[in-house]
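Given next are the chains, with one letter for each unit.
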Amino acid sequence: MHTGRLAILGALHEEIADLLAAMDPGAVIHRVAMRDFHVGTLWGTPCVIALSRIGKVAAAATASIVIQEFQASRVIFTGLAGGLHPDVAVGDVVVASALMQHDMDARPLFPQHEIPLLGREDFAADPVLSARLLDSARQFASGHAGLPAGQGARRPKVHHGLIATGDVFVNDNDYAHRLRQRLPEALCLEMEGGAMAQVCYEFGVPFAVLRVISDQADHAAKTDFTDFLVNLARVYTAGVLAPLLQSGAFRQA
Ligand code: ADE
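All of these numbers come straight from a predicted model, not from anything done at the bench. (Residues numbered from 1 in each chain as written. Predicted model: local features only at pLDDT ≥ 70, side-chain atom pairs only at ≥ 80, totals over all residues. Heavy atoms only, no water.)

**Quick look at the overall build of the chain**
Phase 1 of the analysis: When helices and strands are counted, the chain shows seven helices and ten strands.
Phase 2 of the analysis: In terms of overall size, the chain behaves like a compact globule, its C-alpha atoms giving a radius of gyration of 17 Å where 253 residues would be expected to give roughly 18 Å.
Phase 3 of the analysis: The C-alpha extent of the chain, read off along each of the three principal axes, is 50 × 50 × 30 Å.
Phase 4 of the analysis: A total of 253 residues make up the chain; the buried ones form 54% of that total.
Phase 5 of the analysis: Considering only contacts within the chain whose residues lie at least 6 apart along the sequence, 76% involve residues at least 24 apart.
Phase 6 of the analysis: Roughly 10,800 Å² of accessible area belongs to the chain as shown, and the carbon and sulfur atoms make up 54% of that amount. (Helix = DSSP H or I, 4+ residues; strand = E, 2+ residues; numbered from the N terminus. Rg over C-alpha atoms; globule rule 2.2 N^0.38 Å. Buried < 20%, exposed > 50% of the residue type's maximum accessible area, 1.4 Å probe, protein only. Contact = heavy atoms within 4.5 Å. Areas by Shrake-Rupley, 256 points an atom, 1.4 Å probe, with all protein chains shown as cover.)

**Points about unusual backbone geometry**
Phase 1 of the analysis: Residue Pro108 is bonded to the preceding Arg107 through a cis peptide linkage, with omega at 5 degrees.
Phase 2 of the analysis: Position of Pro108 among the secondary structure elements: in the loop between strand S6 (93-101) and strand S7 (122-124).
Phase 3 of the analysis: With phi around 65 degrees, Met34 is a residue other than glycine that occupies positive phi space.
Phase 4 of the analysis: Mapped onto the secondary structure, Met34 falls in the loop between strand S2 (28-32) and strand S3 (35-42).
Phase 5 of the analysis: Using a relative accessible area of 65% as the deciding quantity, one classes Met34 as exposed.

**Side note on the pattern of salt bridges**
Phase 1 of the analysis: Taken as a whole and judged by the stated rule, the model has six salt bridges.
Phase 2 of the analysis: Of the charged contacts, one joins Asp18 and Arg234 as a salt bridge, the two residues approaching to 2.9 Å between their closest N and O atoms. Pair noted here: Asp18 is in helix H1 (residues 13-22) and Arg234 is in helix H7 (residues 233-246), with a separation of 216 residues, a long-range link.
Phase 3 of the analysis: By relative accessible area, which is 34% here, Arg234 ends up partly exposed.
Phase 4 of the analysis: Across the salt bridge formed by Arg31 and Asp36, the nearest N and O atoms sit 2.8 Å from each other.
Phase 5 of the analysis: According to the relative accessible area criterion, Arg31 is exposed, its value standing at 57%.
Phase 6 of the analysis: The class for Asp36 is partly exposed, based on a relative accessible area of 31%.
Phase 7 of the analysis: Connected through shared salt-bridge partners, Glu190, Glu192 and Arg211 make up one network. (Salt bridge = Lys/Arg side-chain N within 4 Å of Asp/Glu carboxyl O.)

**What about the nonpolar core?**
Phase 1 of the analysis: Ranked by size, the top nonpolar core spans 37 residues in total, and within it Val66, Val75, Met196 and Phe207 carry the most contacts.
Phase 2 of the analysis: Setting aside chain neighbours within four positions, we find Met196 in contact with Leu9, Ala59, Ala63, Val75, Phe77, Phe207, Ala208 and Val209.
Phase 3 of the analysis: Counting 36 residues, the second largest nonpolar core, distinct from the first, contains Leu6, Cys47, Phe225 and Leu241. (Core = buried A, V, L, I, M, F, W, Y, C linked by side-chain atoms within 4.5 Å.)

**Some words on the site of the ligand**
Phase 1 of the analysis: Ala81, Gly82, Val168, Val170 and Asp215 are the nearest of the 13 residues found near the ligand.
Phase 2 of the analysis: A distance of 2.9 Å separates a nitrogen atom of the ligand from a polar backbone atom of Val170.
Phase 3 of the analysis: In this structure, Asp215 approaches the ligand through a side-chain N or O atom, which is 2.7 Å from a nitrogen atom.
Phase 4 of the analysis: Burial of the ligand by the surrounding chains reaches 97%, relative to a free accessible area of 260 Å².
Phase 5 of the analysis: Looking at the shell around the ligand, the elements that each hand over two or more residues are strand S5 (72-83), strand S9 (188-190) and strand S10 (207-215). (Near = heavy atom within 4 Å. Polar contact = N/O pair within 3.5 Å; in protein donor to acceptor, adjacent residues only side chain to side chain.)

**Side note on the side chain of Gln101**
Phase 1 of the analysis: Looking at where Gln101 falls in the secondary structure, it is placed in strand S6.
Phase 2 of the analysis: For Gln101, the side chain forms a polar contact with the main-chain oxygen of Gly194, separated by 3.1 Å.
Phase 3 of the analysis: Looking at Gln101, its side chain comes within polar contact range of the side chain of Gln198, at 3.0 Å.
Phase 4 of the analysis: Those residues in contact with Gln101, other than ones at most four positions away along the chain, are Lys56, His113, Ile115, Glu121, Phe123, Thr165, Gly194, Ala195 and Gln198.

**Examining the environment of Glu185**
Phase 1 of the analysis: Within the fold, Glu185 resides in the loop between helix H4 (173-182) and S9.
Phase 2 of the analysis: Assessed through its relative accessible area of 63%, Glu185 is described here as exposed.

**Overview of the state of the cysteines**
Phase 1 of the analysis: Under the criterion given, the structure shown has zero disulfides.
Phase 2 of the analysis: The thiol of Cys47 is unpaired, and the distance to the nearest cysteine sulfur, on Cys200, comes to 15 Å.
Phase 3 of the analysis: The exposure class of Cys47 is buried, given its relative accessible area of 0%.
Phase 4 of the analysis: Between Cys188, a cysteine without a disulfide, and Cys200, which holds the nearest cysteine sulfur, the sulfur-to-sulfur distance is 17 Å. (Disulfide = S-S within 2.5 Å.)

What follows is the structure, given as structure tokens:
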């Protein structure tokens, strides 16, 4: 049985807005290291919810704080990602099986992508947390008709696999192409998950990552990402997480 809190983190306000709005009125905001940590209950589950801001350092700092200051016993990171793998389309959902840092490169001291002195290049997400996210994402996708006209109408697919993290917003076909060649297994890319994963690994805290594909990391990524963020991000995040928390799945192990 877990006695600590469930931490839910997002890099941008729109990605966690509906969850914050749904917290019980007794939630208390603690400000630490220029961030607000909302501590309270969400559908009966003791939670701490925080906006990390964008990037690996921001995500690592936020993960450390929820673990050390707010006794988070599990961490979920949620938000948008750029699609990399050819099977992954805008509107799809990706639950991480593992995360790696595509911009980690300490060659020739260590192999490319290896986290120096940890001796590993990826961090496995918790299988139980991830299975629950996958179930809920599949339920959400089956009841979701697809994106509004103009953005493709196919029902969202749910994928489980490798997520690549780096301090780069990829808005460039050539960069995305090189990443696809170097990391053929990576389903999508984002800017926080692999850093949060490393911190959770170091603390021995189980974690999971839920991402919704907003763009294809190509020349149109900025526009596609912004449209998705404004119009759809909150629908997905709350659509997958609300039924899961309401079911009581996170109240105990
Ligand atoms: N998150 C969403 N889209 C992204 C992209 N194209 N690059 C990096 N992170 C992202």
